[in-house]
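Chain residues, written in single-letter form:
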Amino acid sequence: MDNRPIGIFDSGTGGLTSVRQLTAEAPEESFVFFGDTIRAPYGGRSPEEIRFLSRRNARFLRSRDVKAIIVSCNTSTANAMAELKADNRDIPIVGTVEPTAEEAVRRSVTGRIGVMATEATVRSGLYERTILALRPDAVVVSRSCPKLVPLVETGHTAPEDPALKAALEEDMAPLREAGVDTVVLGCTHYPLISEAILAALGYPAELVDSGAACVGRVLEALKARDALAAPGSARAERYFCSGRKNEFLSVAGSFLGRSIDGDTAEVDIEGI
Ligand code: DGL
């Protein structure tokens, strides 16, 4: 048994979708969340920059004595996982892409799978490679959606929001034309706009939440090393952001489905 916290990071607030899943699946697990909100979005950055920022985020979490790390950012997973694993060989470190691709392949009947993600995630090609390795006859249609993260981070999440509708109309067209039956929400910000995504697609489809899909994987890894929290433990939650705390708090609630008060701090990780 190990009552130390699980570390979770994202470029911004999207990673809170993993926090939501973690508290539902393992309510006794303590965690430390870090959102690099001042540097979000990562999606338009180069692979080198994403690697640099992601490794620093992980180092910050390690400075809080975490027993495992969830890389709740598809952009970091797709561009920096090899380095993150090499830096953190002594603890489980789990990214989003593999568990999400597996879930998509499990849920798709026709094998026609859409992937919505940031530019840097789509450019990496990791979702296509992972899906095709699992199901070689799959047809994968990927779309980078650079307008969505800034909209979600600024609260434009209502299905009737005109800016969101316009962005999604463009983004969903290739997926609709391909007739995908499953859509990978390949960015942890997108579950917040699921309803708008389905409306823009125009027909019912499976949506796979990448922030949620990776949580089971880290719990399995902890169980295998007998490092889950002792049953009945009281959970401790800590939240850190690199940008303004008030801005973080104003959107955090919609990701978590509850509000956070207290235990939140702005932190400068520049020198870490
Ligand atoms: N939430 C992130 C992801 O899953 C990153 C979005 C961004 O910073 O561009 O890809």
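Structure shown above.
As the structure is a prediction and not an experimental result, all values here were calculated from the model.

Asks: Just to check I follow, could you spell out the site of the ligand for this structure?
Replies: Around the ligand, 13 residues are found, and the nearest of them are Ser11, Tyr42, Gly43, Asn74 and Thr75. Alone, the ligand offers 290 Å² of accessible surface; in the complex the protein occludes 99% of this. The class makeup of the residues in the shell around the ligand is five nonpolar, seven polar and one charged.

Asks: Please explain the sheet that holds strand S1 (residues 6–10) as it appears in this structure.
Replies: Sheet strands pair by backbone hydrogen bonding; their relative direction is either parallel or antiparallel. Taken together, six strands build an open sheet; the order of strands is S4-S3-S1-S2-S9-S10 and the sheet is parallel. Each having just a single partner strand, strand S4 (93–94) and strand S10 (264–266) make up the two edges of the open sheet. Sheet contacts for helix H1 (residues 16–25): S1, strand S2 (31–35), strand S3 (68–71) and strand S9 (237–241); angle to S2, the most-contacted strand, approximately 165°. Of the strands in this sheet, S1, S2, S3 and S9 touch helix H2 (residues 47–63), which is tilted by about 150° from S1.

Asks: Help me understand unusual backbone geometry, please; the structure alone is not making it clear to me.
Replies: Comment: phi is negative for the bulk of residues other than glycine, and the bulk of peptide bonds are trans. Put simply, Ala40 and Pro41 share a cis peptide bond, and its omega is 0°. In this fold, Pro41 is placed in the loop between S2 and H2. For Asp65, which is not glycine, the phi torsion reads 55° and is therefore positive. Examined against the element boundaries, Asp65 turns out to sit in the loop between H2 and S3. In this structure Asp65 comes out as partly exposed when scored by relative accessible area, which is 42%. Positive phi, normally seen in glycine, also occurs at Asp226, with a value near 55°. Note on placement: Asp226 falls in the loop between helix H11 (215–224) and S9. Looking at Asp226, the relative accessible area reads 49%, which means it is partly exposed.

Asks: Mind showing me how you'd approach the pattern of salt bridges here?
Replies: When the charged atoms of two side chains with opposite charge come close together, those side chains can pair. In this structure the tally under the stated criterion is 23 salt bridges. For Arg107, the salt bridge identified is with Glu103, shortest N-O distance 2.9 Å. Here Arg107 and its partner Glu103 are both found in helix H4 (residues 97–107), four residues apart, which amounts to about one turn of the helix. Judged by relative accessible area, which is 30%, Arg107 ranks as partly exposed. Classification of Glu103 by relative accessible area gives partly exposed; the value is 21%. Residues joined in a network through salt bridges with shared partners are Asp36, Arg39, Arg56 and Glu270.

Asks: Just to check I follow, could you spell out the packing of helix H8 (residues 162–178) against helix H9 (residues 194–201) for this structure?
Replies: Each packed pair of helices is defined by two parameters, the angle between the axes and the distance between the axes. Orientation of H8 relative to H9, taken along the N-to-C sense of each, is 55°, at an axis distance of 8 Å. With respect to H9, the element H8 is oriented oblique. As for how H8 packs across H9, the hand of that crossing is right-handed. Contacts between H8 and H9 pair Leu164, Leu168, Glu169, Met172, Leu175 and Arg176 from the former with Ala196, Ile197, Ala200 and Leu201 from the latter. Along the lines of polarity and charge, the residues of the contact of H8 with H9 split into eight nonpolar, no polar and two charged.

Asks: Would you explain the nonpolar core in this entry?
Replies: What tends to happen in soluble globular proteins is that the nonpolar side chains get buried as a cluster. By size, the foremost hydrophobic cluster in this structure holds 50 residues, and its most contacted members are Leu16, Met116, Leu148, Leu168, Tyr190, Ile197 and Tyr239. Broken down by element, the residue count for this core peaks at six residues, all from H8. Core analysis: the next-biggest nonpolar cluster, separate from the first, contains 17 residues, Val32, Phe34, Phe60 and Phe240 among them.

Cut-offs used in this document
Residues numbered from 1 in each chain as written. Predicted model: local features only at pLDDT ≥ 70, side-chain atom pairs only at ≥ 80, totals over all residues. Heavy atoms only, no water. Near = heavy atom within 4 Å. Areas by Shrake-Rupley, 256 points an atom, 1.4 Å probe, with all protein chains shown as cover. Nonpolar A, V, L, I, M, F, W, Y, C, P; charged D, E, K, R; others polar. Pairing = 2+ DSSP bridges. Helix = DSSP H or I, 4+ residues; strand = E, 2+ residues; numbered from the N terminus. Contact = heavy atoms within 4.5 Å. Axes fitted to C-alpha atoms, helices over the stretch in contact; angles between N-to-C directions. Buried < 20%, exposed > 50% of the residue type's maximum accessible area, 1.4 Å probe, protein only. Salt bridge = Lys/Arg side-chain N within 4 Å of Asp/Glu carboxyl O. Parallel < 35°, antiparallel > 145°, perpendicular 65-115°, else oblique. Left-handed = near helix turned anticlockwise from the far one by under 90°. Core = buried A, V, L, I, M, F, W, Y, C linked by side-chain atoms within 4.5 Å.

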